[in-house]
Amino acid sequence: MSRIQGRFESLAKAGRKALIPYITAGDPHPSLTVPLLRGLVEAGADILELGVPFSDPMADGPVIQRSGERALKHGVGLKDVLRMVSELRRADSATPVVLMGYANPIEAMGSEKFAAAAKAAGVDGVIVVDYPPEECVEFAALMKNNDIDPIFLLAPTSTQKRIDEVARRGSGYLYYVSLRGVTGAANIDLADIAAHLPHIRAVTKLPIGVGFGIRDAESAKRVAQTADAVVIGSRIIQEIEAGAPEQAVARVKSFLRPIREALDR
């Protein structure tokens, strides 16, 4: 059983929903990434999504784009991200870690080399935004052969064919993008989420995480009424931006704790 599957099963037995925060590796400084990850776990994170900086992040809104730009200025690349995961694993062997990013850095390293390095570092899952399931059958199989869950995105506009493909190729959990737009957009449509998720559940037993647009405890709690997990990214990056780098860990912990409490009420 993978760490991700185990985490979702233990949460389900306890009647709890997963909280999945996202940060970009290297933002606001490479030395703070592992402390931020640890702080998020202390504040109640169940699974960690760690963004791999990329120069052309097509699915990301301005907030996460800025975080990637800051990380790239520090020279953070895929190998650095894997080293950060390895460092986290020295103190935390339990919390699942999912890398989220784009195909180019993986292809530059080589898929097989990446798979081996990611497994050795302790990565549990990978979301590659520009790898549609129909076009990465070999990559998904390679990840699974290295005990890494390939996680795919679905959206309100996803066709039944795409839903079926994601259900067939993916593992760990499915990531439902709640908005027709980029990360960080506002005005999440809770009724739309509630209407779409049953269609997905009809073809898969994988847990469903919902992200894009969740900004506070109230919206997280309402999403969790339908979803198995809530994913929060841009709002956490905003907390990092709003203070000095040395305040980043304290700020994200203070932001995340009330959301954890709301999900557990």
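In the block above lies the structure referred to throughout.
Just so it is clear, the model here is predicted, and its values are computed rather than measured.

Thresholds, definitions, all that
Residues numbered from 1 in each chain as written. Predicted model: local features only at pLDDT ≥ 70, side-chain atom pairs only at ≥ 80, totals over all residues. Heavy atoms only, no water. Pairing = 2+ DSSP bridges. Helix = DSSP H or I, 4+ residues; strand = E, 2+ residues; numbered from the N terminus. 1 Å grid on protein atoms, 1.4 Å probe; cavity = no way out; pocket = protein on both sides within 12 Å on 5 of 7 lines; lining within 4 Å. Points joined across faces, edges and corners; volume = space filled by probe spheres on them. Nonpolar A, V, L, I, M, F, W, Y, C, P; charged D, E, K, R; others polar. Contact = heavy atoms within 4.5 Å. Axes fitted to C-alpha atoms, helices over the stretch in contact; angles between N-to-C directions. Parallel < 35°, antiparallel > 145°, perpendicular 65-115°, else oblique. Left-handed = near helix turned anticlockwise from the far one by under 90°. Buried < 20%, exposed > 50% of the residue type's maximum accessible area, 1.4 Å probe, protein only. Right-handed = clockwise from strand over helix to strand, strands pointing away. Polar contact = N/O pair within 3.5 Å; in protein donor to acceptor, adjacent residues only side chain to side chain.

S.K.: Tell me about the sheet that holds strand 1 (residues 18–24), and name the residues and values.
M.R.: Read across the open sheet, the nine strands follow the order 5-4-3-2-1-9-8-7-6; overall the sheet is parallel. The outermost strands of the open sheet, each flanked by one partner alone, are strand 5 (149–151) and strand 6 (153–154). Pairing geometry for strand 7 (residues 174–177) and strand 8 (residues 208–211), over four bridges, is parallel. Within strand 8, the position partnered with Tyr 176 by the bridge is Val 210.

S.K.: Can you break down the layout of surface pockets residue by residue, with the values?
M.R.: In this structure, the largest pocket occupies an estimated 280 Å³ of space. In this structure, the largest pocket is lined by 17 residues; those nearest its centre are Val 129, Leu 153, Leu 154, Arg 162 and Val 177. When the residues that make up the lining of the largest pocket are grouped by side-chain class, the tally is 13 nonpolar, two polar and two charged. There is about 210 Å³ of room inside the second largest pocket. In terms of lining residues, the second largest pocket is bounded by 14 residues, among which Gln 5, Phe 8, Glu 9, Ala 12 and Pro 207 are the most central. The greatest single-element share of the lining of the second largest pocket, amounting to five residues, is contributed by helix 1 (residues 3–13). Looking at the lining of the second largest pocket residue by residue, the class counts come to five nonpolar, four polar and five charged.

S.K.: Please set out the environment of Ile 208 residue by residue, giving values where relevant.
M.R.: Within the secondary structure, Ile 208 is located in strand 8. Along the primary structure Ile 208 and Tyr 176 are separated by 32 residues, whereas in three dimensions their C-alpha atoms are 6.7 Å apart. Setting aside residues up to four positions removed in sequence, Ile 208 forms contacts with Leu 174, Tyr 176, Leu 197, Ile 200, Arg 201, Ala 227, Asp 228 and Ala 229.

S.K.: Requested: an account of the packing of helix 2 (residues 33–42) against helix 12 (residues 248–264), with residues and values cited.
M.R.: Helices that pack against each other are described as a pair by the angle of their axes relative to one another and the distance between those axes. Axis separation between helix 2 and helix 12 bottoms out at 9 Å; the angle between their running directions is 25 degrees. Between helix 2 and helix 12, the angle falls in the class roughly parallel. Remark: the crossing between helix 2 and helix 12 carries right-handed chirality. Taking contact as the criterion, the partners of Pro 35, Leu 36, Gly 39, Leu 40 and Glu 42 in helix 2 are, on helix 12, Ala 248, Val 249, Val 252, Lys 253 and Leu 256.

S.K.: Hey, could you go over the pairing of strand 7 for me, with residue numbers and the actual values?
M.R.: Side chains of strand 7 alternate between two faces, with Leu 174 and Tyr 176 and Tyr 175 and Val 177 buried alike. One ladder, built from two bridges, connects strand 6 with strand 7; its direction is parallel. Each residue of the ladder has a partner; that of Leu 154, found in strand 7, is Tyr 176. In this view, the connection linking strand 6 to its parallel neighbour strand 7 by way of helix 8 (residues 160–169) has right-handed handedness.

S.K.: I'd love a proper account of the pairing of strand 3 (residues 97–101), names of residues and values included.
M.R.: Burial of strand 3 is extensive: five of the five residues sit out of reach of the surface. Side-chain alternation along strand 3 places Val 97, Leu 99 and Gly 101 on one buried face and Val 98 and Met 100 on a second face that is also buried. With four bridges connecting them, strand 3 and strand 4 (residues 125–128) associate as parallel partners. Bridging across to strand 4, Leu 99 finds its partner in Val 126.

S.K.: An account of the side chain of Arg 89 is requested, with residue identities and associated values reported.
M.R.: Within the secondary structure, Arg 89 is located in helix 4 (residues 78–91). With a relative accessible area of 13%, Arg 89 lands in the buried category. Within the structure, Arg 89 has its side chain in polar contact with the backbone oxygen of Thr 95 (distance 2.8 Å). In this structure Arg 89 touches Arg 3, Ala 94, Thr 95, Pro 96, Val 97, Ala 121, Gly 122 and Asp 124, once residues within four positions along its chain are discounted.

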